[in-house]
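Coordinates in review
Next come the chains, spelled out residue by residue.
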Amino acid sequence: MSQPAPGVGGPTNETDPDHTGRFVRQPNGRVRPLSPHLQVWRFHLTMTGSILNRVAAGALSFGALFVAAWLWALASGPETYAGFTAWMGSPLGLLVWFGLTLAIAYHLTAGIRHLIWDAGDGLDPKTATWMTAVSIIAGAAVGIGIWVALFASGKVVL
Amino acid sequence: MSRNEKTYRKGVKVSEGHGAGEWRAERLSSLILVPLSLWGLWGAWTIAGSGYDGARAWLAQPVNAALLAVTLLIALWHTNMGLKVIVDDYVHKPSSRTALLAFIALLCLAVAGLSVFFIGRLALGSAPLPAGLGA
């Protein structure tokens, strides 16, 4: 199990050094292909969808802190809550919550796409690309739609 | 199962360590969070612009308080697993990786604990916090 598949062109044993730079020796001594790097990959939509999902996930990790801070402010009484909402209602605060809304909307649509893939469906390139396009467009539409509605209904004012 | 034994299910190798369990936990949490995050967005819509009284009234309903606590607990569990995957991908030095994973796990636990504490006080209609803490 320590050798790459025949025909891959990598080093075939421990004494054959790798001249291609496409293989790496793992700490356990096994030879494995090096992870594909961005600069040698032709652009395709699924990799954009993937990295956007990871960016959204990272943003939502901070979002959890914001929700916890909201709960703290609410539990600390009207004065603290007024101060908190003044910060969060400022243009910068609203921008943060708008970003978090986009992040949760896209993480949701991309997550559903991921679950479909995990079930073994939609993995051929054409369907995968189509599903990624749908998840990006739907995520953006939901995120932006919520904020258009928030402003239109007067729930949020600048 | 010994580490050298290889088991296959539907032509796919089952992980030799704890990978299969982690994979399943990631998917399970994702699946539960699909309806919960939709509910959360709807809740945020309800609370938006309703001020202190509106937010307190929303959280005073036991269903909302309970669902919010469950949502946050599962979301933070999911967050912990997701951040672990990112650290596994980019942090290769074992000591840094261990330290970072411990920090992330503790932070997730702290946020989860504090959130549930706040939600509990809000649901029970407790007095504003500093007084409650005896300050």
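Values in this document were obtained by computation on a predicted structure and should not be read as measured data. (Residues numbered from 1 in each chain as written. Chains lettered and ligands numbered in written order. Predicted model: local features only at pLDDT ≥ 70, side-chain atom pairs only at ≥ 80, totals over all residues. Heavy atoms only, no water.)

**Details of a nonpolar patch on the surface**
The condition that has to hold: Residues enter patches when they are more than 30% accessible in relative terms and free of salt bridges; like-charged ones are connected within 9 Å and nonpolar ones (Val, Leu, Ile, Met, Phe, Trp, Tyr) within 5 Å. Each accessible area value is a Shrake-Rupley result obtained with a 1.4 Å probe; residue values ignore everything except the protein chains displayed when judging cover. One side-chain nitrogen of Lys or Arg within 4 Å of one carboxyl oxygen of Asp or Glu is enough to make a salt bridge. A run of H or I in DSSP counts as a helix once it spans at least four residues, and a run of E counts as a strand once it spans at least two, with each numbered from the N terminus. When a residue's accessible area, from a 1.4 Å probe over protein chains only, is under 20% of the maximum for its type it is buried; when over 50% it is exposed; and in between it is partly exposed.
Together, A:Phe62, A:Leu65, B:Leu100, B:Phe103 and B:Leu107 line one region of the surface with nonpolar side chains, adding up to about 470 Å² of accessible area. Listing elements by their share of the nonpolar patch, those giving two or more residues are helix 1 (45-75) of chain A together with helix 4 (94-123) of chain B. The element that contributes the greatest number of residues to the nonpolar patch is helix 4 of chain B, accounting for three residues. Note that B:Phe103 resides in helix 4. Exposure remark for B:Phe103: the relative accessible area of 52% places this residue in the exposed category.

**Section: the environment of A:Arg32**
Residue and element names in this part refer to chain A. With respect to the helices and strands, the residue Arg32 is situated in strand 2 (residues 31-33). By relative accessible area, which is 27% here, Arg32 ends up partly exposed. Considering only alpha carbons, one finds Arg32 and Arg22, 10 residues apart in sequence, at a separation of 8.8 Å.

**Notes on the interface of chain B and chain A**
Convention followed: The contact criterion used is simple: two residues touch if any of their non-hydrogen atoms lie within 4.5 Å. Take the accessible area each of two parts loses on contact, using a 1.4 Å probe, and add the two losses: that sum is the buried area. A 3.5 Å cut-off defines polar contacts: any pair of N or O atoms within that distance qualifies, except that in protein one atom must be a possible hydrogen donor and the other a possible acceptor, and neighbouring residues in sequence count only when both atoms are side-chain atoms.
Contacts between chain B and chain A engage 38 residues on the former and 28 residues on the latter. In this assembly, chain B packs against chain A so that about 2,800 Å² is buried in total across both faces, 78% of it on carbon and sulfur atoms. Here chain B and chain A share two salt bridges between them. A salt bridge links B:Asp89 to A:Arg54, with the nearest nitrogen and oxygen atoms 2.8 Å apart. The interface formed by chain B and chain A includes five residue pairs in polar contact (both at pLDDT 80 or more). Listing elements by their share of the side of chain B that touches chain A, those giving two or more residues are helix 1 (19-47), helix 2 (51-60), helix 3 (62-90), helix 4 and helix 5 (129-132) of chain B. Broken down by element, the residue count for the side of chain B that touches chain A peaks at 11 residues, all from helix 1 of chain B.

**Focus: the layout of surface pockets**
How we decide: The pocket and cavity definitions rest on a 1 Å grid over protein atoms only: a 1.4 Å probe that fits but cannot leave marks a cavity, an open set with protein on both sides within 12 Å along at least five of seven lines marks a pocket, and residues lining either have an atom within 4 Å of a point. Grid points are joined across faces, edges and corners, and a volume is the space filled by probe spheres set on the points. Three classes are used, and their members are as follows: Ala, Val, Leu, Ile, Met, Phe, Trp, Tyr, Cys and Pro are nonpolar, Asp, Glu, Lys and Arg are charged, and the others, Gly among them, are polar.
Computed from the structure, the second largest pocket encloses a volume of approximately 470 Å³. What lines the second largest pocket is A:Asp118, A:Ala119, B:Arg9, B:Lys10, B:Val12, B:Lys13, B:Val14, B:Ser15, B:Gly19, B:Ala20, B:Trp23 and B:Arg24. With four residues, helix 1 of chain B is the single largest residue contributor to the lining of the second largest pocket. Taken together, the residues of the lining of the second largest pocket break down into five nonpolar, two polar and five charged.

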